[in-house]
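Structure assessment
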Amino acid sequence: MHALEIRSFARLHFGLLQMSAAYTRRNMGIGAALNSPCWRLRFKRLDPREILVVTGPENVAPEITDAARAAVRRFQDCGAEPVGLGIEVAETIPSHVGLGSKTAFLKAVRAAYGLLTTGDHAFLPIESTARGGTSGIGVNLNDAGGVVVDAGHRWSPEDVMDTSRARAGAPAPGVVARYLVADGMLLLARMRDEEGPCGRAESNIFRRTLPLAPEEADRVAGNVLFEALPALASGDWAAFGHALAMLQRMGFKKEEWHAQSDATKRLAQLAYEAGAHCAALSSMGPTLAIIADDLQAVKVQLEEVLADAVLLAPARVHDSGMEWTILE
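Residues numbered from 1 in each chain as written. Predicted model: local features only at pLDDT ≥ 70, side-chain atom pairs only at ≥ 80, totals over all residues. Heavy atoms only, no water.

**Some points on the overall build of the protein chain**
Helix and strand counts for the protein chain come out as nine helices and 12 strands. Compactness check: the protein chain gives a C-alpha radius of gyration of 19 Å against a globular reference of 20 Å for 328 residues, within 12% of the reference. Considering only C-alpha atoms, the protein chain reaches an extent of 55 × 50 × 35 Å along its principal axes. Considering the protein chain as a whole, with its 328 residues, one finds that 56% of them fall into the buried category. Counting contacts in the protein chain only where the partners sit at least 6 residues apart, residues at least 24 apart contribute 79% of the total. (Helix = DSSP H or I, 4+ residues; strand = E, 2+ residues; numbered from the N terminus. Rg over C-alpha atoms; globule rule 2.2 N^0.38 Å. Buried < 20%, exposed > 50% of the residue type's maximum accessible area, 1.4 Å probe, protein only. Contact = heavy atoms within 4.5 Å.)

**Topic: helix 3 (residues 137–144)**
With respect to burial, helix 3 is a largely interior element, six of its eight residues being buried. Residues of helix 3 that are buried: Ile-137, Gly-138, Val-139, Asn-140, Leu-141 and Asn-142. Elements in contact with the buried residues of helix 3: strand 1 (3–18), strand 2 (25–46), helix 2 (101–118), strand 5 (147–150) and strand 7 (175–179). Of the residues trailing helix 3, Gly-145 is marked for its positive phi of about 70°.

**Notes on the side chain of Arg-11**
Residue position: Arg-11 is located in strand 1. Of the side chains bearing the opposite charge, Glu-202 lies closest to the buried Arg-11, which forms no salt bridge; the N-O distance is 7.6 Å. Separated by 2.9 Å, the side chain of Arg-11 and the backbone oxygen of Gly-98 make a polar contact. (Lys, Arg positive; Asp, Glu negative; His and termini not counted. Salt bridge = Lys/Arg side-chain N within 4 Å of Asp/Glu carboxyl O. Polar contact = N/O pair within 3.5 Å; in protein donor to acceptor, adjacent residues only side chain to side chain.)

**Regarding the sheet that holds strand 10 (residues 288–292)**
Taken in spatial order, the four strands line up as 9-10-8-11 in an open sheet, and their pairing is antiparallel. Only two strands of the sheet have a single neighbouring strand rather than two, namely strand 9 (276–281) and strand 11 (310–316). The mean inter-strand angle of the sheet, taken between neighbouring strand axes irrespective of direction, is 25°. The pairing of strand 8 (residues 185–191) with strand 10 spans three bridges and is antiparallel. Note on strand 10: the bridge partner recorded for Leu-188 is Ala-289. (Pairing = 2+ DSSP bridges. Axes fitted to C-alpha atoms, helices over the stretch in contact; angles between N-to-C directions.)

**Quick word on unusual backbone geometry**
That bond from Ser-36 to Pro-37 is cis: its omega, 0°, falls within 30 degrees of zero. For Pro-37, the location among the structural elements is in strand 2. Across the junction of Gly-285 and Pro-286, the peptide omega takes the value 5°, indicating a cis bond. As for its placement among the helices and strands, Pro-286 is situated in the loop between strand 9 and strand 10. Positive phi is not limited to glycine here, since Ala-130 has a value of about 65°. With respect to the element layout, Ala-130 can be found in the loop between helix 2 and helix 3.

**Some remarks on the packing of aromatic side chains**
Considering all chains together, one arrives at five aromatic pairs under this definition. On the basis of an interplanar angle of 75° and a centroid distance of 4.9 Å, the ring pair of Trp-39 and Phe-105 is categorised as edge-to-face. Here the residue Trp-39 occupies a position in strand 2, and Phe-105 occupies one in helix 2, the gap between them amounting to 66 residues. When its relative accessible area of 1% is taken as the criterion, Trp-39 is described as buried. On the basis of relative accessible area, Phe-105 is assigned to the buried category, the value being 0%. (Phe/Tyr/Trp six-rings, centres within 6.5 Å; stacked < 30°, edge-to-face > 60°.)

**Regarding the pattern of salt bridges**
Tallied over the full model, the rule gives 14 salt bridges. Among the ionic pairs, Glu-88 bridges to Arg-42, the shortest N-O distance being 3.4 Å. Of the two residues, Glu-88 sits in strand 4 (residues 84–91) while Arg-42 sits in strand 2, which places them 46 residues apart along the sequence. For Arg-42, a relative accessible area of 27% corresponds to the partly exposed category.

Here's what the structure looks like:
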């Protein structure tokens, strides 16, 4: 095998669940795979000295290509056959909008390296991507899709609660529960040209607000255990939307909302006024996942009020993992 194409999908991160110091198991999360947008990447083997070469009409953020180049070096350190990777980018997931673009890209690079050298997409350990240090949502959704609750990390009292950037190489969390959703339609919405907090700004939010009070973690646990998961188990997508709406007002998700612009907060309010069950913030934002009985009616009303200031795209829960095609 010398060349292949991989589609690696975006994800929604509905929230980190256990952000107090009351339990030894921390972080945990709930999120969903999306069928769109996705990275569509064509890979080919290169001389190992070239490490990584990215081409194509679509731009990729330098931090993502730098992280991928570092990952390829780690793959080689894991004992894999040393090869370089050429990547032609055909479709992209936008960066810093809460859709997991970096994790999806790095998981595709890991799969491609394994397939091109051994024929096994899972040959290399997930930790070699340096993702999953805080949340296991992106790394697990990329494998099998659906809606996932991850197991979080076991923490020591001296550990600092911070972003995955500060915990690179930590073992990725496993899956507590995975639900496949037959009719999980939603509307993705965000204000044009806005980005969520990232890097140092994101880390500062973690360090300033955490750990949360134990009662906040317990409120979130009650919401997920008694509202969100039964809705998923019974196939009630609207009830799941109502559970997500409640989650926006509690735990660490409440702190993530404090970091959003007035325009994003107004967008959420307008969605509710148009009949949405929820306008759930994905990760640090600014993308909102809107669930409603009539998504088209919500879309029309938002477009009428906000004109060209809002980006709207229909999507659904993707019930499988990344996809690849062998080219040669």
